[in-house]
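Survey of secondary and tertiary structure
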Amino acid sequence: MGCTLVIDTSFGSTVGIVGREPIVETDSRTHVEKLQVNIARAVEEAGLAPTDIEEIVVGIGPAPFTGLRAGIVAAKALAFATGAKLVGQNVLDPQGEMMSFVLDGDELFDGIDFLADVPRLGSHQSDGDDSDAEAKEHELDRHVTLCVNDARRKQLYFSLNHGSISRPDEEAAERRWIEMDIDYPEHIVERVNAALAEYGERDGVSYVVDVAGHGAAKYASVWQGLRALGSVADGSILDAGKAGLAAFAATALSRELRGDRDVPVEPLYLRRPDAEVPNPLKHVLGHAGADKA
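About the thresholds
Residues numbered from 1 in each chain as written. Predicted model: local features only at pLDDT ≥ 70, side-chain atom pairs only at ≥ 80, totals over all residues. Heavy atoms only, no water. Phe/Tyr/Trp six-rings, centres within 6.5 Å; stacked < 30°, edge-to-face > 60°. Helix = DSSP H or I, 4+ residues; strand = E, 2+ residues; numbered from the N terminus. Buried < 20%, exposed > 50% of the residue type's maximum accessible area, 1.4 Å probe, protein only. 1 Å grid on protein atoms, 1.4 Å probe; cavity = no way out; pocket = protein on both sides within 12 Å on 5 of 7 lines; lining within 4 Å. Points joined across faces, edges and corners; volume = space filled by probe spheres on them. Nonpolar A, V, L, I, M, F, W, Y, C, P; charged D, E, K, R; others polar.

Description of the packing of aromatic side chains
- Under the defined criterion, the tally for this structure stands at 4 aromatic pairs.
- Ring centres 5.0 Å apart and planes at 45° place the aromatic pair F65 and Y269 in the tilted group. Here F65, found in helix 2 (residues 65–82), pairs with Y269, found in the segment after helix 8 (241–258); they are 204 residues apart in sequence, far enough to count as distant.
- With a relative accessible area of 47%, F65 lands in the partly exposed category.
- According to the relative accessible area criterion, Y269 is partly exposed, its value standing at 24%.
- Each ring, one from W177 and one from Y207, has its centre 4.8 Å from the other, and the planes form 80°; the classification is edge-to-face.

Here is the structure:
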């Protein structure tokens, strides 16, 4: 009996077997310590053994260094020990996938509290009237998602996606209006507004921005500066129970089915390291001792 295990430590930690409710730790002081225990617990509660794991999907960030590295190292070690296939997935693109599902009226995420205020716009909510369905489809296409993750230090990791990016690489690239980056929320607003102006002029469309991810609500007042603000959903796809866990894994595993390029299973920090190579020692009063071996 094969299964897919998901491990992510981009914000707290999430561990789970696809098809079951994940184990989520939000305490940043202890989530790394509990990671191995929770992996063992998730497998055991599913009535499985480690050798039953066929695929491991691991979050590769972007996220701060320590927690993110712990999840990736654990996933690599487990994949080596079990022979499971290891697949990396950034944590921003699935935010856009989640919002696309919800806006389209898909019932997959019904009942998830942090998504309750997101409008259901798409064809799943149509009453069968072709003109009504076309209007809803047009309204759905106006929405873009500002996908975020808390980077601490008053910054956010972010990307700007137009609809689903679960498409062949070239098509997905066209839908990423701003590639993954890290910045201060005020600067993000400026960059997003510039993108909205550019693409809005190109397409003759007044686009609306929905913000989704950890840290979205923290900067709610800043988002008021966006040209057109839609919903603000302060949560991750991995906060959405077993439906979110399955969607996160599907986003990662669908790449192989489409023949997309492999994604290196390496951490995405995006922030320059704090440590720097020190400057050479300065000479004092012409003393040459600094140059001596």
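Side note on empty space enclosed by the protein
- In this structure the tally under the stated criterion is 1 cavity of 30 Å³ or more.
- If you trace the largest cavity, you find 15 residues lining it, with D8, F11, V91, H214 and S236 closest to the centre.
- Taken together, the residues of the lining of the largest cavity sort by class into 6 nonpolar, 7 polar and 2 charged.

A word on the layout of surface pockets
- Looking at the largest pocket, its volume works out to about 460 Å³.
- N90, D93, R176, R261 and V263 are, among the 24 residues lining the largest pocket, the residues nearest its centre.
- Among the secondary structure elements, those contributing two or more residues to the lining of the largest pocket are strand 5 (85–89), helix 5 (169–175), strand 8 (176–183) and helix 8.
- Considered class by class, the residues forming the lining of the largest pocket number 8 nonpolar, 5 polar and 11 charged.

What to know about unusual backbone geometry
- Cis geometry is found at the peptide bond from G61 to P62, where omega equals 10°.
- Within the element layout of this structure, P62 appears in the loop between strand 4 (53–59) and helix 2.
- Positive phi outside glycine occurs at R152, with the angle close to 65°.
- With respect to the element layout, R152 can be found in strand 6 (residues 143–152).
- Its identity as a non-glycine residue notwithstanding, K154 has a phi of 65°, on the positive side.

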